[in-house]
Protein chains: 2
Amino acid sequence: MKFKNLSHTPRIGILGGGQLARMSAYAAYQLGFEVVIWETTPASPAANITKHDFAGSILDDTLLRRFADACDVITLENEFIDAERLHFLESLGKKVFPSSKTIGLIQDKFVQKRTLARKGIPVPKFMEIKGAGDYLRAAKQVGLPFLLKSRKMGYDGYGNATVFTQKDFSDTIARLQERHSALMGESFVNFKKELAIMVVRTKKETCVYPVVESIQENHICKKVIAPAAITPAIAASATDIAVAAVEAVNGYGIFGIELFLTQNGELLLNEMAPRPHNTGHYTIDACVTSQFENHIRSVLDLPLGSCGMTHKSAVMINLLGKRNGAGIPTNYHEALADPGTHLHVYGKSSSRPGRKMGHITVTGKSRDNCMMKAENAAAITDL
Amino acid sequence: MKFKNLSHTPRIGILGGGQLARMSAYAAYQLGFEVVIWETTPASPAANITKHDFAGSILDDTLLRRFADACDVITLENEFIDAERLHFLESLGKKVFPSSKTIGLIQDKFVQKRTLARKGIPVPKFMEIKGAGDYLRAAKQVGLPFLLKSRKMGYDGYGNATVFTQKDFSDTIARLQERHSALMGESFVNFKKELAIMVVRTKKETCVYPVVESIQENHICKKVIAPAAITPAIAASATDIAVAAVEAVNGYGIFGIELFLTQNGELLLNEMAPRPHNTGHYTIDACVTSQFENHIRSVLDLPLGSCGMTHKSAVMINLLGKRNGAGIPTNYHEALADPGTHLHVYGKSSSRPGRKMGHITVTGKSRDNCMMKAENAAAITDL
């Protein structure tokens, strides 16, 4: 956008009010901008730190019009809002980053894989699943076991299941179809490592953060090691794939790209997210420019900041809720005992087991030392 | 404070809504807390990023009661609020950091100097000035030329003047007494460098940031070089003086201590500020823990984070308003052209010549290189 002759401070609208929106807001504020939050319910972590927020249904045209009127440009913190709704916002004359077209190619995971595969990007074998009768065809086409996935709305393992038998298949279809009708099948990849890369792209430039290793537990990103312990050749290939994927969906803004490094050294794109990503949280404390600041810069079409690391090594560990109760640690003093640990708490009103409540980042020269310190701090924190 | 069995997210009240409060709010948010802002007028930079703000006179007891009711603990972003008003907040049962007693020893610069001198801390010669008849006594006691200062409310050179003659003296007294009756005289120090140190202190620990060099233009901090190019012995003495000064006022919270390094290598404490300080802004991008995060930690009596630098060198340059107009750069694209420059814009509604609108920090291995990049970015930014 243009910054001459402004009548007001530029306002960035964010669809979603969770931790990704909240951390994006910090970056927007540091650059002097304002944020406007839309979320289904009020008092979300991001809405709590702005004067401008709207709560209600994404299907409420009047509400969306008021939201759009309050913004100069719009972005999002998840890929779950139907592309048609984003198109509605665009039809009101507002730019949305990433665009409704890009989101339309990403939010349906079958369409995402098909789009990427057509551009020659390596992905696991995948296929559409129409119903319980598709078991044998799937077993043949993508192999056994395979993943049965909801095409839309899946995250952190919700909406996914591994299928070993016809019974698994039928049961899972019945369960998943309760919420989401469209399904797909995908090869089960026996990977050596899960890798991830953040790519940020504007009309003028594309910047790429280092390749990191993502360690998942129960399908949720638990730890991130930056940079990943891989060869320069694999890092270069992974980076090329990540950039090609963003280009394949004509993506502008920031994207998190997850890849499998298979046992035989092959790289396969697992999923892409059109937004700041959990595997990029380490960038706040370990890179020249955080993923959130570059997200904001890209949305305003500003020059991007350096994606380089300022430390040799960094480890990020998610703080998943261990209990029901307050949204901040009850033992805050112990949680901050190590003077070199970076603690981030997302300002959620309450914790519950497994909920993403915050994260810890430790930077340093030795990966093992960072991991040890981060694990200690995460273990001790009662959140 | 205690974090067990909380009924709500802890709220930190800040008296003042300018850039220091705003940057403190970012740090509070990252740790999961909320902030409550009091400022004389609404829509201040810090009030704009919270749901909880109060605007009105500091003399309005009802307003202050409502403010106090909304906070768990209270801090401040300047030393201009009369200690009696802080005492009023304390009388409502709220802890104020720094306390009304500490502020009472700092906000009157004559009392500040007397308190420090009595504890053996080296300060320039100083004396009380009662009226125009004191010229000869002052010339004899603190030497010519000397500084005539308002004892209260002075900052960035406002309320100060250098006196060379009886006429300077009489004219300045007439001018300063229009606003502030109490005055003091102080030796004019022919310094080699101005140094500054941030000290943060809780009941359990005292942490000290590196000694930096502050370069002033027209009595306003313009540039900060971290660390200062001084000998380890001078750095150690400066640090000892800074810690002793905070202890002398029984200070808890964060303090900015400004010192003169004289031509003959002597250190003299110039002024102390009981809050985050302009000379500590570099810590956001160049230290493990920013001055703002340690400010928030100290106010909540949490363990302090490391004050160590994460880069060999850093240069901070203030962006002082060059024009009347919008509070963000009209040439934002040029301002961010260097991918390694950290731009901070304070979200003020408008710019005017000389107003502190933001700052730039550049980190790196070479001081000269950081200075060159920071100067280029500051020169180009139209703010």
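About the thresholds
Residues numbered from 1 in each chain as written. Chains lettered and ligands numbered in written order. Predicted model: local features only at pLDDT ≥ 70, side-chain atom pairs only at ≥ 80, totals over all residues. Heavy atoms only, no water. Pairing = 2+ DSSP bridges. Helix = DSSP H or I, 4+ residues; strand = E, 2+ residues; numbered from the N terminus. Axes fitted to C-alpha atoms, helices over the stretch in contact; angles between N-to-C directions. Contact = heavy atoms within 4.5 Å. Salt bridge = Lys/Arg side-chain N within 4 Å of Asp/Glu carboxyl O. Buried < 20%, exposed > 50% of the residue type's maximum accessible area, 1.4 Å probe, protein only. Expected span 1.5 Å × (residues − 1). Arc of directions from axis to C-beta. Core = buried A, V, L, I, M, F, W, Y, C linked by side-chain atoms within 4.5 Å. Buried area = accessible area lost by both parts, 1.4 Å probe. Polar contact = N/O pair within 3.5 Å; in protein donor to acceptor, adjacent residues only side chain to side chain. Nonpolar A, V, L, I, M, F, W, Y, C, P; charged D, E, K, R; others polar. Least-squares fit on C-alpha atoms with pLDDT ≥ 70 in both.

Chemist: Help me understand the sheet that holds strand E4 (residues 73–76) of chain A, please; the structure alone is not making it clear to me.
Modeler: Two strands in a sheet stick together by hydrogen bonds in their backbones, pointing the same way (parallel) or opposite ways (antiparallel). Residue and element names in this part refer to chain A. Strand order in the open sheet formed by four strands is E3-E2-E1-E4, and the pairing between neighbours is parallel. Two strands close off the open sheet at either side, each with one partner strand: strand E3 (52–55) and E4. Between one strand and the next, the sheet's axes are offset by a mean angle of 20°, whatever the strand orientation. Sheet contacts for helix H2 (residues 61–69): strand E1 (11–15), strand E2 (34–39), E3 and E4; angle to E2, the most-contacted strand, approximately 170°. Packed onto the sheet, helix H10 (residues 291–299) meets E1 and E4 and runs at close to 140° relative to E4.

Chemist: When you look at the pattern of salt bridges in this model, what are you seeing that I'm missing?
Modeler: Pairing between side chains of opposite charge can happen when their charged atoms approach one another. All names here are of chain A. Summed over all chains, the structure comprises 38 salt bridges over all chains. Among the ionic pairs, Lys-167 bridges to Asp-171, the shortest N-O distance being 2.7 Å. Remark: Asp-171 and Lys-167 occur in helix H7 (residues 166–179); sequence separation between them is four residues, near one turn of the helix. For Lys-167, a relative accessible area of 57% translates into the label exposed. Judged by its relative accessible area of 41%, Asp-171 is partly exposed.

Chemist: Would you mind showing me how to read the side chain of A:Asp108 here?
Modeler: Residue and element names in this part refer to chain A. Checked against the element boundaries, Asp-108 lands in the loop between helix H4 (100–106) and helix H5 (109–118). Given a relative accessible area of 10%, Asp-108 falls into the buried group. Residues in contact with Asp-108, not counting those within four places in the same chain, are Arg-151 and Lys-152.

Chemist: Help me out: how do you make sense of helix H12 (residues 367–380) of chain B in this one?
Modeler: Think of an α-helix as turning once every 3.6 residues; residues three or four places apart then point the same way. Residue and element names in this part refer to chain B. Between its terminal C-alpha atoms H12 stretches 20 Å, which fits the 20 Å expected from 14 residues at 1.5 Å a residue. Listed in full, the buried residues belonging to H12 are Cys-370, Met-371, Ala-374, Ala-377 and Ala-378. In a view along the axis of H12, the buried residues occupy a sector of 140°, so they form one face of it. Facing away from the buried surface of H12 by more than 90 degrees, the exposed residues are Asp-368 and Ala-379. Buried positions along H12 lie against strand E12 (220–226), strand E15 (313–320) and strand E19 (356–364).

Chemist: Any chance you could explain the nonpolar core here in plain terms?
Modeler: Looking at soluble globular proteins, one finds that nonpolar side chains tend to be buried together. Ranked by size, the top nonpolar core spans 92 residues in total, and within it A:Ile12, A:Phe33, A:Tyr332, B:Ile12, B:Phe33 and B:Tyr332 carry the most contacts. Not counting chain neighbours up to four residues away, the residues in contact with B:Ile12 comprise B:Ala28, B:Phe33, B:Glu34, B:Val35, B:Val36, B:Val73, B:Thr75, B:Ile296, B:Val299 and B:Leu300.

Chemist: Could you clarify how one ought to interpret the interface of chain B and chain A in this entry?
Modeler: Frequently, the measure chosen for interface size is the accessible area that the parts lose on association. Each partner contributes to the interface: chain B provides 47 residues, whereas chain A provides 47 residues. Carbon and sulfur atoms make up 56% of the surface buried where chain B meets chain A, a total of about 4000 Å² over both sides. On the chain B side of the contact with chain A, B:Gln30, B:Lys51 and B:His333 bury the most area, a combined 16% of that side's loss. There are two salt bridges connecting chain B and chain A. Taken together, the connections running from chain B to chain A amount to 20 residue pairs in polar contact (both at pLDDT 80 or more). Contributing elements (two or more residues each) for the side of chain B that touches chain A: helix H1 (19–30), helix H11 (332–335) and strand E17 (342–345) of chain B. Here the side of chain B that touches chain A is built from residues that sort into 24 nonpolar, 16 polar and seven charged.

Chemist: Sorry if this is basic, but what is going on with the sheet that holds strand E7 (residues 160–163) of chain B here?
Modeler: Residue and element names in this part refer to chain B. The strand order E5-E8-E6-E7 describes an open sheet built from four strands, whose pairing is antiparallel. Since the sheet does not close on itself, it has two edges, and those belong to strand E5 (126–129) and E7, each with one partner. When strand polarity is set aside, the average angle formed by the axes of neighbouring strands in this sheet is 25°. As defined by bridge partners, strand E6 (residues 146–150) adjoins E7 across four bridges and the pair is classed as antiparallel. Paired with Phe-146 across the two strands is Val-163, which belongs to E7. The strands that helix H5 (residues 109–118) touches are E5, E6 and strand E8 (183–187); relative to E5, the one it contacts most, it runs at about 145°.

Chemist: Help me understand the relation of the copies chain B and chain A, please; the structure alone is not making it clear to me.
Modeler: The two chain copies are connected by a rotation around an axis plus a translation along it. Expressed as a screw operation, the relation of chain B to chain A combines 0.0 Å of axial shift with a rotation of 180°, fitting to an RMSD of 0.0 Å. Taken together, the rotation angle and the small translation identify this as a two-fold axis. Taken together, the interface assignments show that 100% of the residues at the interface of chain B recur at the interface of chain A, consistent with an identical surface on both copies.

Chemist: In this structure, what is going on with H2(A)? I would like to understand it.
Modeler: Residue and element names in this part refer to chain A. Every buried residue of H2 is accounted for by Leu-63, Leu-64, Phe-67 and Ala-68. Buried residues of H2 fall within an arc of 135° about the axis and therefore sit on the same side. Facing away from the buried side of H2 by over 90 degrees, the exposed positions are Thr-62 and Asp-69. One side-chain oxygen of the residue at the start of H2 lies 3.0 Å from the amide nitrogen of Thr-62, identifying that residue as Asp-60.

Chemist: Sorry if this is basic, but what is going on with the pairing of strand E9 (residues 191–201) of chain A here?
Modeler: Every other side chain in a regular strand lies on the same face of the sheet, so the side chains alternate between the two faces. Residues and elements named next belong to chain A. Along E9, nine of the eleven residues are buried, which leaves the element largely enclosed by surrounding structure. Both E9 and strand E13 (residues 253–262) contribute to a ladder of ten bridges, which runs antiparallel. Bridge pairing links Glu-194 to Phe-260 in E13. Pairing of E9 with strand E11 (residues 212–217), which is carried by three bridges, proceeds in the antiparallel orientation. Bridged to Glu-194 within E11 is Ser-214. Bridge analysis of E9 against strand E10 (residues 206–208) gives three bridges, and the strand direction is antiparallel.

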